[in-house]
Amino acid sequence: MSTLGIVLLVLGIVATGLVSGVFFAFSGFVMQGLDRLAPADAARAMREINVTAVRAPLMLAIFGTALLLIAVATMSFFGAYPAGAWWIVGSAVVYLVGVVGVTGGANVPRNNRLASAPEADAGALGTAWREFRPGWTAWNHVRWLASAASCAALVVALLG
């Protein structure tokens, strides 16, 4: 394995671990903290989180990691990682499906529905929160576990 290959693999490990940590934070305590608020206030807080989330730090972490994994998986097809190629390809597939796919297919649509709830109607906003929270959190668990599994697979590839 070349020095560049090792560096890219280590960057992939760090990046998938970082993304996993962000999703773990939401699954582990952020959503429970929001649940301590009145439902309408929780909805307002989550809407503000969602606005600030769609900026460079998080978008670069999620989608930059996807691009890095695609690059590393592509390199594995050309013999850059002879011992760990399938772990790397598996890592990329798990990440792309479980993080990028779930984000676009499950979490973002829920964010958009929450954002469309009427701000002035606390009852409707509270109802929107109660409908939003269980599904969003369940899919976030999938993103957390997928990014953690992707990270673990890269570690196996590096050590293999």
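The structure reproduced in this document is the subject of the present report. Just so you know, these numbers come straight off a predicted model, no measurement behind them.

Conventions used here
- Residues numbered from 1 in each chain as written.
- Predicted model: local features only at pLDDT ≥ 70, side-chain atom pairs only at ≥ 80, totals over all residues.
- Heavy atoms only, no water.
- Core = buried A, V, L, I, M, F, W, Y, C linked by side-chain atoms within 4.5 Å.
- Buried < 20%, exposed > 50% of the residue type's maximum accessible area, 1.4 Å probe, protein only.
- Helix = DSSP H or I, 4+ residues; strand = E, 2+ residues; numbered from the N terminus.
- Contact = heavy atoms within 4.5 Å.
- 1 Å grid on protein atoms, 1.4 Å probe; cavity = no way out; pocket = protein on both sides within 12 Å on 5 of 7 lines; lining within 4 Å.
- Points joined across faces, edges and corners; volume = space filled by probe spheres on them.
- Nonpolar A, V, L, I, M, F, W, Y, C, P; charged D, E, K, R; others polar.
- Polar contact = N/O pair within 3.5 Å; in protein donor to acceptor, adjacent residues only side chain to side chain.
- Axes fitted to C-alpha atoms, helices over the stretch in contact; angles between N-to-C directions.
- Parallel < 35°, antiparallel > 145°, perpendicular 65-115°, else oblique.
- Left-handed = near helix turned anticlockwise from the far one by under 90°.

### Structural notes on the nonpolar core
Here's step 1: With 22 residues, the main nonpolar core has Leu-9, Val-19, Val-72, Ile-88, Tyr-95 and Val-99 as its most contacted residues.
Here's step 2: Of all elements in the fold, only helix H1 (3-35), helix H3 (56-77), helix H4 (85-116) and helix H5 (122-159) reach the threshold of two or more residues within this core.
Here's step 3: Here Tyr-95 is in contact with Thr-16, Val-19, Ala-61, Ile-62, Thr-65, Ala-66, Leu-69, Val-100, Ser-147 and Ser-150, once residues within four sequence places are set aside.
Here's step 4: Phe-26, Met-46, Ala-117 and Trp-136 belong to the second-largest nonpolar core, a separate cluster that totals 14 residues.

### Remarks on the layout of surface pockets
Here's step 1: When its volume is computed, the largest pocket comes out at roughly 430 Å³.
Here's step 2: When contributions to the lining of the largest pocket are tallied by element, the ones reaching two or more residues are H1, helix H2 (39-53), H3, H4 and H5.
Here's step 3: Residue contributions to the lining of the largest pocket peak at eight residues, all from H4.
Here's step 4: Considering only residue class, the lining of the largest pocket consists of 16 nonpolar, seven polar and two charged.

### Focus on the side chain of Asn-111
Here's step 1: With respect to the helices and strands, Asn-111 occurs in helix H4.
Here's step 2: Within the structure, the side chain of Asn-111 is placed 3.2 Å from the side chain of Asn-50, a separation counted as a polar contact.
Here's step 3: Not counting chain neighbours up to four residues away, the residues in contact with Asn-111 comprise Asn-50, Phe-132 and Trp-136.

### Some points on the packing of H3 against H4
Here's step 1: Between H3 and H4, the least distance of the axes is 9 Å, while the angle of their chain directions is 150°. On the basis of their axis angle, the class for H3 and H4 is roughly antiparallel. H3 and H4 meet at a crossing whose hand is left-handed. The segment H3 lies against H4, with Ala-61, Ile-62, Phe-63, Thr-65, Ala-66, Leu-69, Ile-70, Val-72, Ala-73, Ser-76 and Phe-77 engaging Ala-85, Ile-88, Val-89, Ser-91, Ala-92, Tyr-95, Leu-96, Val-99 and Val-100.
Here's step 2: The class makeup of the residues in the contact of H3 with H4 is 17 nonpolar, three polar and no charged.

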